[in-house]
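The chain contents come next:
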Amino acid sequence: MAKLTSKNQLTLPKAVVEALGSPRHFRIQVHDGVLLLWPGRLVCAADAPHPAAEVQDSRARQDGKG
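Predicted model only: the values in this text are computed from it and were never measured. (Residues numbered from 1 in each chain as written. Predicted model: local features only at pLDDT ≥ 70, side-chain atom pairs only at ≥ 80, totals over all residues. Heavy atoms only, no water.)

Novice: For a nonpolar patch on the surface, give the residues involved together with the corresponding values.
Specialist: Together, Leu4, Leu10, Ile28, Val30, Leu35 and Leu37 line one region of the surface with nonpolar side chains, adding up to about 580 Å² of accessible area. Counting only elements with at least two residues in the nonpolar patch, the list comes to β3 (25–31) and β4 (34–40). By the secondary structure assignment, Leu10 is in strand β2 (residues 10–11). (Patch = residues over 30% accessible without salt bridge, like charges linked within 9 Å, V, L, I, M, F, W, Y side chains within 5 Å. Areas by Shrake-Rupley, 256 points an atom, 1.4 Å probe, with all protein chains shown as cover. Salt bridge = Lys/Arg side-chain N within 4 Å of Asp/Glu carboxyl O. Helix = DSSP H or I, 4+ residues; strand = E, 2+ residues; numbered from the N terminus.)

Novice: Explain the environment of Arg27 to me, and be specific about the residues and the numbers.
Specialist: Along the chain, the position of Arg27 falls in strand β3. Of the residues examined, Arg27 reaches a relative accessible area of 51% and is grouped as exposed. Taking C-alpha positions, Arg27 is 8.0 Å from Arg41, a pair spaced 14 residues apart along the chain. Not counting chain neighbours up to four residues away, the residues in contact with Arg27 comprise Leu36, Leu37, Trp38, Pro39 and Gly40. (Buried < 20%, exposed > 50% of the residue type's maximum accessible area, 1.4 Å probe, protein only. Contact = heavy atoms within 4.5 Å.)

Novice: Please set out the pairing of β3 residue by residue, giving values where relevant.
Specialist: Sheet topology places β3 next to β4; seven bridges connect them, and they run antiparallel. Across the sheet, Val30 pairs through a bridge with Leu35, a residue of β4. (Pairing = 2+ DSSP bridges.)

Here it is as structure tokens:
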């Protein structure tokens, strides 16, 4: 069981967090009245591939160069 604090912070059991690999961030979704949590990670725009690079890579694979 998890506890919701007065500051709306959810305390997860240590064993649960360790079983997930001790993630520091979680994605959160509510579906049909159920709270879903799963390990997530923060990504900044600089980490994302440039769209033009994806098109170029795709063309290279089609040409048999990739």
